[in-house]
Amino acid sequence: QVRLVESGGGLAQAGGSLRLSCVASGRVDKVYAMAWFRQTPGQEREFVAVISYRAGFTEYANSVKGRFTISREDAKNALYLQMDSLKSEDTAVYYCAASHTTVGITTIAESFGSWGVGTQVTVSS
């Protein structure tokens, strides 16, 4: 069992920045690729960014490429998402996710077996 807890969400102005954090606990030895997804009311959960296990390869959704940076600090069992140049369309609940089967890059939600409860990000224009 892996527990993921996100923090760092809140209110930001368009053009501003926020940094999300996610800390894993429990069976962290089974945490491989990690990712951020987001969801708005009435919409499907949307892939944002993923980072592979150990090698640190990354991939981003086109909508956030060049503005968001995903990173991880395995010594602290932590995952981060630095969000710069925020836009109103970035407003969503952001979820941290951990895969227990995939070490490389995957953008498919079904590849991730553990999820946090989410943190709200609101960007005002």
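Residues numbered from 1 in each chain as written. Predicted model: local features only at pLDDT ≥ 70, side-chain atom pairs only at ≥ 80, totals over all residues. Heavy atoms only, no water.

**Focus: the environment of A97**
Position of A97 relative to the elements: it lies in strand 9 (residues 92-98). Those residues in contact with A97, other than ones at most four positions away along the chain, are L4, A33, M34, A35, F37, F112, S114 and W115. (Helix = DSSP H or I, 4+ residues; strand = E, 2+ residues; numbered from the N terminus. Contact = heavy atoms within 4.5 Å.)

**Notes on the nonpolar core**
Counting 34 residues, the largest nonpolar core has W36, L81, M83 and Y94 as its most contacted members. Listing elements by their share of this core, those giving two or more residues are strand 1 (2-7), strand 3 (18-26), strand 4 (34-39), strand 5 (46-51), strand 7 (68-73), strand 8 (78-83), strand 9 and strand 11 (119-124). Setting aside chain neighbours within four positions, we find Y94 in contact with E6, L20, W36, F37, R38, V48, F68, L81, M83, G118, T119 and V121. (Core = buried A, V, L, I, M, F, W, Y, C linked by side-chain atoms within 4.5 Å. Buried < 20%, exposed > 50% of the residue type's maximum accessible area, 1.4 Å probe, protein only.)

**Some remarks on the packing of aromatic side chains**
Within this structure, the stated rule accounts for five aromatic pairs. Relative to F47, the ring of F37 has its centre 5.8 Å away and its plane inclined at 75 degrees; by these criteria the two rings are edge-to-face. Note that F37 is positioned in strand 4 and F47 in strand 5, a separation of 10 residues in sequence. Under the relative-accessibility criterion, F47 is labelled buried at 13%. An angle of 75 degrees between the planes, with centres 5.6 Å apart, marks the rings of F37 and F112 as edge-to-face. Of this pair, F37 sits in strand 4 while F112 sits in the loop between strand 9 and strand 10 (114-115), and the two are 75 residues apart along the sequence. (Phe/Tyr/Trp six-rings, centres within 6.5 Å; stacked < 30°, edge-to-face > 60°.)

**Details of the side chain of S99**
Its place among the elements puts S99 in the loop between strand 9 and strand 10. There is a polar contact of 3.3 Å between the side chain of S99 and the backbone nitrogen of T101. Here S111 takes part through its backbone oxygen, which lies 2.8 Å from a polar atom of the side chain of S99. Contact partners of S99, with chain neighbours within four places excluded, come to K30, V31, Y32, A33, S111, F112 and G113. (Polar contact = N/O pair within 3.5 Å; in protein donor to acceptor, adjacent residues only side chain to side chain.)

**Re the sheet that holds strand 1**
As summarised here, the arrangement of the four strands in space is 1-3-8-7, forming an open sheet in which the pairing is antiparallel. In this open sheet, the two strands that pair with only one neighbour each are strand 1 and strand 7. Taking the axes of each pair of neighbouring strands and ignoring which way they run, one obtains an average angle of 15 degrees across the sheet. The sheet contact formed by strand 1 and strand 3 spans six bridges and is antiparallel. For R3, the partnering residue across the bridge sits in strand 3 and is S25. (Pairing = 2+ DSSP bridges. Axes fitted to C-alpha atoms, helices over the stretch in contact; angles between N-to-C directions.)

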